[in-house]
Amino acid sequence: MKEIRMHGRGGQGVVKSAQVIVQTVVGDHKYAHFIPFFGVERKGSPVYGFLRLDDQDIRLKCQVYEPDILMIFDDTLLSLPQTFDGFKAGGTIILNTCVNRQAVKLPTTARRVALVDATGLALSRLGRNIPNTAMLGAFAKVCDQVNWESLKKQIAASFGEKNVEAAQAAYEAVAVS
Amino acid sequence: MSSASIKAVSGNTAAALGAALCRPDLIAAYPITPQSSVIEYLAGMIANGQLDSTMIQVESEHSAMSVVQGAAAAGGRVFTATSAQGLALMYEPYFRMSTLRLPMVMAVACREMTSPETIWSGQQDAMSVREAGWIQIHVENNQEILDMLLQGCRLSEDREILLPVNVCYDGFFLSHLYERVAIPAAEKADEYLSGSAPQDPMLDPQDLRSLDPLTPGNILIKYRQNHLAALQKTLNKLEEVDTRFQQVFGHSWGGAVEEYRCQDADYILLTIGSMTGTARVAVDLARERGLKVGLLKVRCMRPFPAEKIAAALAGKKAWAAADRSVSFGWNSGSLYSEALACAPKAAPHFSIIGGLGGTDISLGELSQMIDRLGAGQFSDGETLWLEKKI
């Protein structure tokens, strides 16, 4: 089982993108689930959620405390201590940022880091600051539990072709180190 | 389940789909977090022509229950859903629904009761109405929500039962959980419900009569006796509707309780609601450590399956019950205080309270509680709280 914790801000489409991942995986006859954590419901406040992927039925109905993957939708969240709480050594970090690897401070325990300017791609492809579908492209690049072609189909069905373009651009542009 | 379609849906969507498969004649509801999207989804189905049902918008939950009550008394199959303060506001017609012996299924997306002000998860709402004469089922995952809407319909309309059913599921942890659900084809649901019908009309403009006249106590006591007898019959009837479900859909949920690895267990953890899934994993991990623990999932809170619980706990060394609610009167959790009434006297036990106000019940916390149970690290009858950092 892969456990993923998503961190973002209200309005960035964190919940919607997680739902697209779950729909894709379930559509491919595997198992996935997502539990959103609801805090205060307002634009800009920190939000997070818990995503699990598996080949078998997922019985757990609780939060993720030791994520294999961190998906961080906003680099202003890096300073919050809870963002890296319990992050598994050897895990993967996917971060929306416009600065390079040297300029961001991330746990040295990460095996893989994927940086993508999802906000920039969203602004250029969609004309709106909703980075979630670009983040999905970066996610697909580093998570082989999710089929990229199926995910693109699901993005198209949920958000339309322009969002597939944003995701494709992120898939190609993401810097993995 | 070849005719089912597999989809990723939220618990609220699963509830709406289950309700729609019962083909309700009338739906009335008032929005409240975390239930609202159940009714929004059903309103969408009606607007899109996917569901032939009358939706009545009301100004409060008191009105919602009053409207469905009238429709049920007129022989309609009805549905509503609510949470927490909405359920509290509904209480007056809610009580009358069961004492009028009117069948219906109502979804409860369980939420903590205010105060302090909260909108998050907890089972205090459902537990607060457990003496209102309804059948109360608690479920573990989104598939069970959908399935129990169908089973609840058949159960409530059984002529030996004729009682309303609550299908209770944890707010957010299930209502907003996205997961895989097998959605049965409408024909399959029709097949399952064939032969089941709402109460014969008591209200009919062509045949005027008075409903629920002032009733003296010597007659009222008979009503209560019959009501309690019907609730006791529910315990077996729940197995009957589940067996029929197995025949039609190819899977089942068990009756009032489900035993998980209890047979050879020395210790038993009782659970209710979505924590059960996490507790199953905790039990498996404890077994790997050599601790012979089992899990008893209490599916039916009303009527309370006292005999089944007593039988499952017989001969065990110790037990604990985990609750997402409190019993104000007993300084413990609600399920615990009820289990205590029927548990064998010899085995020591403790109450676990966690998950209040939307907090998590984690795998780590349940594992720790299981270890304390196995190691005897508790005082008999004490209450342990799963507290969180402030």
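Refer to the structure printed above.
Residues numbered from 1 in each chain as written. Chains lettered and ligands numbered in written order. Predicted model: local features only at pLDDT ≥ 70, side-chain atom pairs only at ≥ 80, totals over all residues. Heavy atoms only, no water.

Caption draft 1: The nonpolar core, seen in detail. Residues and elements named next belong to chain B. Judged by nonpolar contacts, the single largest core of 57 residues is most densely connected at V38, L42, F79, L150 and Y169. No other element matches the 8 residues that helix 9 (residues 217-249) contributes to this core. Among residues more than four places away in sequence, those in contact with L42 are A16, A19, A20, I27, L51, M55 and F79. With 46 residues, the next largest nonpolar core counts Y260, L295, C342 and I370 among its residues. (Core = buried A, V, L, I, M, F, W, Y, C linked by side-chain atoms within 4.5 Å. Buried < 20%, exposed > 50% of the residue type's maximum accessible area, 1.4 Å probe, protein only. Helix = DSSP H or I, 4+ residues; strand = E, 2+ residues; numbered from the N terminus. Contact = heavy atoms within 4.5 Å.)

Caption draft 2: Focus on the pattern of salt bridges. All names here are of chain A. As enumerated under the stated definition, the model contains 31 salt bridges over all chains in all. For E3, the salt bridge goes to R52, with nearest N and O atoms at 2.6 Å. Highlighted residues: E3 in strand 1 (residues 2-9) and R52 in strand 3 (residues 46-54), separated in sequence by 49 residues. With respect to class, E3 is no different from R52; both count as buried. (Salt bridge = Lys/Arg side-chain N within 4 Å of Asp/Glu carboxyl O.)

Caption draft 3: Geometry of the pairing of strand 1 of chain A. All names here are of chain A. With 6 of 8 residues buried, strand 1 lies mostly within the body of the structure. Inspection of the sheet shows strand 1 paired to strand 4 (residues 69-72) by 4 bridges, in the parallel sense. The residue bridging I4 from the neighbouring strand is I69, located in strand 4. (Pairing = 2+ DSSP bridges.)

Caption draft 4: Main features of the pairing of strand 2 (residues 31-37) of chain A. Burial of strand 2 of chain A is extensive: 5 of the 7 residues sit out of reach of the surface. One ladder, built from 7 bridges, connects strand 2 of chain A with strand 3 of chain A; its direction is antiparallel. For F37 of chain A, the partnering residue across the bridge sits in strand 3 of chain A and is Y48 of chain A. Bridging between strand 2 of chain A and strand 8 (residues 178-183) of chain B involves 2 bridges; their strand directions are antiparallel. Across the sheet, H33 of chain A pairs through a bridge with E179 of chain B, a residue of strand 8 of chain B.

Caption draft 5: Spatial organisation of the interface of chain B and chain A. Listed per partner, the contact involves 27 residues of chain B and 22 residues of chain A. For the pair chain B and chain A, the summed buried area comes to about 2,000 Å², and 61% of that belongs to carbon and sulfur atoms. Its largest share of buried area at the contact with chain A, chain B owes to Y178, R180 and D360 of chain B, together 31% of the area lost on that side. Remark: the boundary between chain B and chain A carries 2 salt bridges. (Buried area = accessible area lost by both parts, 1.4 Å probe.)

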